[in-house]
Amino acid sequence: MAMALQAPPETTRRRFTSDEVWRMVDAGIIDGNERLELIDGELCLVTPSGWDHAWVVEELGKRLMRLYGDDYTIRMQSTVGGSEFYLPEPDVGVRPARGPWDQERRHPRVDEFLLIVEVSATSQYLDRRKVRLYAEAGTPVYWIVNIPKRCVTVHAGPNPDGTWQRITELTEADQLIPPGVEVPIPIGDLFPTPTTSD
């Protein structure tokens, strides 16, 4: 007589909080130099940057530094405060040069930035997953720079339910307007020149 096979019970994942992650860093359980992100309570390794990813991050960082000047800090590939279950490490962030984070000795939160940017070369799934989390945490403006497609998706007007009031897809023929400066950046200039095989 054949026996019916039972599916194994569903695995329950244990979510970590931001506070728990910082305590693990303080205790030496997590190396403070290890590049990790807390995404929805799950610790994720940050993929090492390829040449094209590094090129775009540096080019965008240089352009934003020139546009915003000394009153703002361009923070690159550093941990920022998100929410209880979210500690992202965006590629680029623009925030005021001074703020309460200095006196409180903490990372600025994403809602204290003017702009957060993720540059996507091989991590499109993860960066898309962050769309909801950045909105829930109150990020004013979130860009995803998609290297393979040579385009930028602009998210603006976050809602507490994780949606956005405006989502705009821009091609390399369009221009980006960084919040607060109103000086356009040609999107095509943010990408390296394609090779003949591209």
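Before any of the text, the structure's been laid out above.
Bear in mind the structure is a predicted one, so any value in this text is a computation, not a measurement.

A. Region of the structure containing the pattern of salt bridges. The final tally for this structure, using the stated rule, is 10 salt bridges. In this structure, Arg 109 engages Glu 112 in a salt bridge whose closest nitrogen and oxygen atoms are separated by 3.5 Å. Note that Arg 150 is salt-bridged to Glu 172, the shortest N-O span being 3.1 Å. Taken together, the positions of Arg 150 in the loop between strand S6 (141–146) and strand S7 (151–158) and Glu 172 in the loop between strand S8 (164–171) and strand S9 (175–176) put the pair 22 residues apart, joining distant regions of the chain. Look at Glu 172 and you get partly exposed, because its relative accessible area is 38%. Connected via shared salt-bridge partners are Glu 104, Arg 106, Arg 109, Asp 111 and Glu 112.

B. Molecular detail of the packing of aromatic side chains. This model, assessed by the stated rule, comprises three aromatic pairs. Within the aromatic cluster, the residues linked to one another by ring pairs are Tyr 134, Tyr 142 and Trp 164.

C. Focus on the pairing of strand S5 (residues 115–120). For S5, the buried fraction is high: six of the six residues fall into the buried class. Here S5 shows a buried face lined by Leu 115, Val 117 and Val 119 and a second buried face lined by Ile 116, Glu 118 and Ser 120. By the bridge criterion, three bridges tie strand S4 (residues 92–96) to S5 in an arrangement that is antiparallel. Looking across to S5, one finds that Val 94 is bridged to Leu 115. Examined bridge by bridge, S5 and S6 share five bridges and lie parallel to one another. In the sheet register, Val 119 faces S6, and the bridge partner there is Val 145.

D. Layout of unusual backbone geometry. A positive phi is found at Arg 105, a non-glycine position, where the angle reads about 50°. Residue placement: Arg 105 occurs in the loop between helix H3 (100–104) and S5. Arg 105 sits in the exposed class, given a relative accessible area of 78%. The residue Arg 150 is not glycine, and still its phi comes out positive at about 50°.

E. Layout of helix H1 (residues 18–26). Within H1, burial applies to Ser 18, Glu 20, Val 21 and Met 24. Here the buried residues of H1 occupy an arc of 165° about the axis, which is enough to place them on one side. Turned more than 90 degrees off the buried face of H1, the exposed positions are Asp 19, Arg 23 and Asp 26. Among the structural elements, strand S1 (36–39) and strand S2 (42–45) are those in contact with the buried residues of H1. At the C-terminal side of H1, Gly 28 shows a positive phi close to 85°.

F. Broad picture of helix H2 (residues 51–68). Over its 18 residues, H2 extends 26 Å from the first C-alpha to the last, a length consistent with the 26 Å expected when each residue adds 1.5 Å. Within the sequence span of H2, burial applies to His 53, Val 56, Val 57, Glu 59, Leu 60, Gly 61, Arg 63, Leu 64 and Tyr 68. Count one or two residues on from H2 and you reach Gly 69, which has phi positive near 70°.

Basis of the calculations
Residues numbered from 1 in each chain as written. Predicted model: local features only at pLDDT ≥ 70, side-chain atom pairs only at ≥ 80, totals over all residues. Heavy atoms only, no water. Salt bridge = Lys/Arg side-chain N within 4 Å of Asp/Glu carboxyl O. Helix = DSSP H or I, 4+ residues; strand = E, 2+ residues; numbered from the N terminus. Buried < 20%, exposed > 50% of the residue type's maximum accessible area, 1.4 Å probe, protein only. Phe/Tyr/Trp six-rings, centres within 6.5 Å; stacked < 30°, edge-to-face > 60°. Pairing = 2+ DSSP bridges. Arc of directions from axis to C-beta. Contact = heavy atoms within 4.5 Å. Expected span 1.5 Å × (residues − 1).

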